[in-house]
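Here's the letter readout for the chains.
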Amino acid sequence: MTWIRDLSLLPALAVAVTAGLLVVVDNRKTQLATLAVQYFFAAWLAGLALPLGVAAVKLVAGLVACGLLTVLVSALGWRLAEERPGALPAGHAFRWIAVLLVAFVAFAIGRDGWEAIPALEPVAALGAVFLLTLGMLQFGITEDGLRVGAGILTVLTGFEVA
């Protein structure tokens, strides 16, 4: 399927946007929907180097994880967890600036590709670096369980793509 390779920059940019939105967005329903969209584009990136059947399994596993998180959050309530005052910087401006800085660093690291892994497409390496760095930012600046879980899933997805 040549269209997967022809449009390969689209999922790399889409995983960067979705990973960044996971850091910034407060609405839990939007977070879970964004995580599901992120799994779709990560499976597309994984499909560049892996057989499409394996990429489809990664997509289904990610959507199942999103479904389980949705059931869990709906059982506990959709409200945000209360944050301790002064524990960690949590304002939107701080998170936007952090996402932009980390995204610039990820782009600088991932744009050259990784020659040590010959089967890895350069655009998949870029997407994997975005997922790894923004996922670490996600679970590094929050104490909310859903955000930490989404950050860990984002980092694991970055390892799957790479």
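All of these numbers come straight from a predicted model, not from anything done at the bench. (Residues numbered from 1 in each chain as written. Predicted model: local features only at pLDDT ≥ 70, side-chain atom pairs only at ≥ 80, totals over all residues. Heavy atoms only, no water.)

All right, on to the overall build of the protein then. Check the secondary structure of the protein and you find seven helices and zero strands. Start at the N end of the protein and walk to the C end: the helices and strands fall as α-α-α-α-α-α-α. Relative to its 162 residues, the protein shows a buried fraction of 44%. Counting every atom, the protein has about 8,400 Å² of accessible surface; 74% of that belongs to carbon and sulfur. (Helix = DSSP H or I, 4+ residues; strand = E, 2+ residues; numbered from the N terminus. Buried < 20%, exposed > 50% of the residue type's maximum accessible area, 1.4 Å probe, protein only. Areas by Shrake-Rupley, 256 points an atom, 1.4 Å probe, with all protein chains shown as cover.)

Attention shifts here to the packing of helix H3 (residues 28–46) against helix H4 (residues 52–76). The geometry of H3 relative to H4 is characterised by a closest axis approach of 8 Å and an angle of 170° between their N-to-C directions. In terms of orientation, H3 lies roughly antiparallel with respect to H4. The segment H3 lies against H4, with Arg28, Leu32, Leu35, Ala36, Tyr39, Phe40, Ala43 and Ala46 engaging Ala55, Lys58, Leu59, Gly62, Leu63, Cys66, Leu69, Thr70 and Val73. For the contact of H3 with H4, the per-class residue count stands at 13 nonpolar, two polar and two charged. (Axes fitted to C-alpha atoms, helices over the stretch in contact; angles between N-to-C directions. Parallel < 35°, antiparallel > 145°, perpendicular 65-115°, else oblique. Contact = heavy atoms within 4.5 Å. Nonpolar A, V, L, I, M, F, W, Y, C, P; charged D, E, K, R; others polar.)

Among the nonpolar cores identified, the biggest contains 29 residues, and Val15, Leu45, Val99, Phe130, Leu134, Leu137 and Val161 are the most heavily contacted of them. Mapped onto this core, the elements with two or more residues apiece are helix H2 (9–24), H3, helix H5 (92–110) and helix H6 (122–140). Apart from residues no more than four positions distant in its own chain, Val161 is found in contact with Ala42, Leu45, Leu120, Ala124, Ala128 and Leu131. (Core = buried A, V, L, I, M, F, W, Y, C linked by side-chain atoms within 4.5 Å.)

A few words now on the packing of aromatic side chains. As enumerated under the stated definition, the model contains three aromatic pairs in all. Both rings, one in Phe40 and one in Trp44, keep their centres 6.3 Å apart while their planes meet at 70°; by these two values the pair is edge-to-face. With a gap of four residues between them, Phe40 and Trp44 both fall in helix H3, about one helical turn apart. Look at Trp44 and you get buried, because its relative accessible area is 13%. (Phe/Tyr/Trp six-rings, centres within 6.5 Å; stacked < 30°, edge-to-face > 60°.)

Mapping Ala42 onto the fold places it in helix H3. Spatially, the C-alpha atom of Ala42 lies 8.4 Å from that of Ala128, the residues being 86 residues apart in sequence. Leaving out residues up to four positions away in the same chain, Ala42 has contacts with Val15, Leu131, Thr157 and Val161.

A cluster of nonpolar side chains, contributed by Met136, Phe139, Ile152, Leu156 and Phe159, occupies part of the molecular surface with about 480 Å² of accessible area. Of all the secondary-structure elements, those providing two or more residues to the nonpolar patch are H6 and helix H7 (145–161). Take the nonpolar patch: its biggest share by element is three residues, from H7. Residue position: Met136 is located in helix H6. (Patch = residues over 30% accessible without salt bridge, like charges linked within 9 Å, V, L, I, M, F, W, Y side chains within 5 Å. Salt bridge = Lys/Arg side-chain N within 4 Å of Asp/Glu carboxyl O.)

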